[in-house]
Amino acid sequence: MKYASNRNFLHPVLGQQEFLWPAKSFAPTVKVYLKQSFGKNGGPILRIETRFRLDVAAIDRLIADERAVCGVWIYCAATSYRQFFKAENNGNRRQVIADIPIGDIRGKVEAHPQVVTTTEVMLGTEEAHRVFDQEPLVLPPGTPLAVQPPTSIPLLDGDRTIKDIFSWMEDPDSGTAWDVRPDPDKATIELAADRPTMEFLKEQRETDSKWAMQTLYLAALTEALNVYLQQVGDDEQTEEDTSSSGGWVGTIKGRLAELGIRVSSDDQDPMFMAGPYGRSSTWVAQRLLGDPLQAPPPDDGEEENQ
Amino acid sequence: MTETLRALTDVGYQLLSEIAADKPSLLREDDSAHLKEEMNKRRQHLPDPETPLFTAGRLAQPQHSLQALAENATKGPGSDHEHAAYLWHALPTVTAADMSDPRVLASINCFQLQGQYVETRWSLSKLARSEDPKAIARYVSSHWLGHDKESNTAARLWWLYEFSRRAADYSEHPIDFLLRELAGHVNFYHRMLAHSYLMASDRIRATVIDVSLSNGLLRRSNTVETNHMLRALNRKAGAISLDVLSDDELRQRVEGVMPPKADASHHPPP
């Protein structure tokens, strides 16, 4: 059984001469399984294997020129594990094989496939998406060009109750080894909310610029969420600001409640909480986009103001 | 011979939680014999009175007795850096997953460190001095049973050393220095813990510590300033992937969110 998350998620700025945006995609496939490792540390490892399908020539060139990097970073809140794994070329495709000792993770593990600039990149107006055709764009190092919402992998209690969610099989080829794969009846690999996003994107196909705006919207929403957190931290402001800011605070608040995301009660430094763990504003924004806000991006050319 | 460390089972942890709620004084005693007795008594009322309270396998054999910590317990965080190193080295085989598991942490707090250490260490707390039964139960739950890296006694000590050890691979400072600085400036350290998403990266954490030492922010131990800095960095991290930046670029980003230096005398010693 393959636990995979396939979806189209366009990069924000790179354009194509042919302008075939709906056909272009960044579609990582994430597979997760547990296996025994050998060597000096030995023991069970969680292998997160990510393969990237990327058919945007401009991004390919940036990666080949080492001006961008394709990879996946993996995060576990409970054990403070956060590592970036760079993709290697394997034939005509890129892939990451991340082997993580079970002792390094507990509870939910997030995998974030992405393509990110590593140097400052200037895009001419002919390279950028046409919504950015007024002047060349300068992207600082670290700008995401293509991202996938996190794939969340619940791994309960490390190796003690792993048997509860994985089925164990002997590996006849290696004799002493064993290979463990998720049991489809027991495992609950959580994927990003793909369906609502795809439905949302389908509705937006008529206007190409809106495809690109999806990712810009993510950045804007992340920023808005950070402002929202700050307001919550400043106590008394929240309710009043709901009305004075045109209702966006109220909208976010309502949508967070629907998604089961709350704000921690730490009045000095509130943060988004989903389950027992704190979540980044980017993580929350992606979920909000996965099930978009009530108000879609505007139809006219004023998107930059969102 | 040190006492073998075994994790509590789910049932064992549940019983301990119930005792913490209605007889918290048992967890605060110097000797855990009465606590074990109470757990065994309550087990008799379960559908299966033979249900194990501890896992069968050994989690770890402490290299040196944790009882020594109890004998040297002090109020407040003043000795945390020494005790953190002692605890970490006593349990060299436990993993980050183990030390995030409340069943392991409760076992260490209740049956290795026992009540004496935890009670003495946190006795400055307002909750510790409270007469309110709910406040007392909350105090016990927080320092004996939870998994919070800030307030669970075993978790706090182990993670202080672990964070310092991992950061030392990327820092310009050695592990002992980092440990002493983090343990000694709780308002900085606790704010860092609140940004677990950012601080999970050893390289980002090391850079934040190094720049904060250089700036003087860390030693000011100012909650508001530290919060402001970390929030600003978090906002940057929302739009920029800090993980792929070079060391110099990452440092520049962190320096960009630092408050103005207050006083040159806050520079760390070489």
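Residues numbered from 1 in each chain as written. Chains lettered and ligands numbered in written order. Predicted model: local features only at pLDDT ≥ 70, side-chain atom pairs only at ≥ 80, totals over all residues. Heavy atoms only, no water.

Caption draft 1: Highlighting the nonpolar core. Counting residues in each nonpolar core, the largest one holds 62 residues, and the members touching the most others are L91, I108, V208 and L242 of chain B. Considering each element in turn, this core owes the most residues, nine residues, to helix α8 (residues 153-168) of chain B. Mapping this core onto the domain boundaries places at least three of its residues in each of domain 1 (10-155) and domain 2 (185-266) of chain B. By size, the runner-up hydrophobic cluster in this structure holds 31 residues, among which are V56, L62, V121 and A146 of chain A. (Core = buried A, V, L, I, M, F, W, Y, C linked by side-chain atoms within 4.5 Å. Buried < 20%, exposed > 50% of the residue type's maximum accessible area, 1.4 Å probe, protein only. Helix = DSSP H or I, 4+ residues; strand = E, 2+ residues; numbered from the N terminus. Domains from an automatic or database assignment.)

Caption draft 2: Quick peek at the packing of helix α4 (residues 80-90) of chain B against α8 of chain B. All names here are of chain B. Viewed as axis vectors pointing N to C, α4 and α8 meet at an angle of 90°, and their least axial separation amounts to 8 Å. In terms of orientation, α4 and α8 fall into the roughly perpendicular class. Residue-level contacts link D80, H83, A84, A85, L87, W88 and H89 of α4 to A154, R156, L157, W158, L160, Y161, E162 and R165 of α8. (Axes fitted to C-alpha atoms, helices over the stretch in contact; angles between N-to-C directions. Parallel < 35°, antiparallel > 145°, perpendicular 65-115°, else oblique. Contact = heavy atoms within 4.5 Å.)

Caption draft 3: Structural detail: the confidence of the model for chain B. When the pLDDT values of chain B are averaged, the result is 89; 96% of them are 70 or greater. Model confidence for the complex: the whole-complex pTM is 0.73, and ipTM, which rates the interface, is 0.90. (pLDDT = per-residue confidence, 0-100.)

Caption draft 4: Highlighting the domain arrangement of chain B. Domain annotation of chain B identifies domain 1 (10-155) and domain 2 (185-266). For domain 1 of chain B and domain 2 of chain B, the distance between their C-alpha centroids amounts to 32 Å.

Caption draft 5: Structural view of the packing of aromatic side chains. What the rule picks out here adds up to six aromatic pairs over all chains. Relative to F111 of chain B, the ring of F54 of chain B has its centre 5.4 Å away and its plane inclined at 70°; by these criteria the two rings are edge-to-face. Highlighted residues: F54 of chain B in the loop between α2 (33-43) and α3 (67-71) and F111 of chain B in helix α5 (residues 102-121), separated in sequence by 57 residues. Taking the relative accessible area as the measure of exposure, F111 of chain B reaches 3% and is therefore buried. With 5.7 Å between their ring centres and 75° between their planes, Y139 of chain B and W144 of chain B make a pair best called edge-to-face. It is R82 of chain A that lies over the ring of W73 of chain A; its NZ or CZ is 4.5 Å from the centre. Above the ring of W122 of chain B, the side-chain terminus of R121 of chain B is found at 4.0 Å from the ring centroid. (Phe/Tyr/Trp six-rings, centres within 6.5 Å; stacked < 30°, edge-to-face > 60°. Lys NZ or Arg CZ within 6 Å of the ring centre and 35° of its normal.)

Caption draft 6: Layout of unusual backbone geometry. Unusually for a residue other than glycine, E66 of chain A sits at a positive phi of about 60°. You can see E66 of chain A is positioned in the loop between α1 (57-64) and β3 (68-76). The residue S221 of chain B is not glycine, and still its phi comes out positive at about 50°. The topology assignment puts S221 of chain B in the loop between α13 (217-220) and α14 (223-239). A relative accessible area of 17% places S221 of chain B in the buried class.

Caption draft 7: Structural view of the interface of chain B and chain A. The partner chain A presents 40 residues to the 40 residues of chain B that form the contact. Counting each side, the surface lost to burial between chain B and chain A is near 3300 Å², with a carbon and sulfur contribution of 47%. One can count one salt bridge joining chain B with chain A. A salt bridge links R82 of chain A to D243 of chain B, with the shortest nitrogen-to-oxygen separation between them at 2.6 Å. Counting only elements with at least two residues in the side of chain B that touches chain A, the list comes to α5, α8, α10 (186-194), α11 (196-199), α12 (202-215), α14 and α15 (247-256) of chain B. Here the element with the most residues in the side of chain B that touches chain A is α14 of chain B; it accounts for eight residues. For the side of chain B that touches chain A, a count of residues per class yields 17 nonpolar, 11 polar and 12 charged. (Buried area = accessible area lost by both parts, 1.4 Å probe. Salt bridge = Lys/Arg side-chain N within 4 Å of Asp/Glu carboxyl O. Nonpolar A, V, L, I, M, F, W, Y, C, P; charged D, E, K, R; others polar.)

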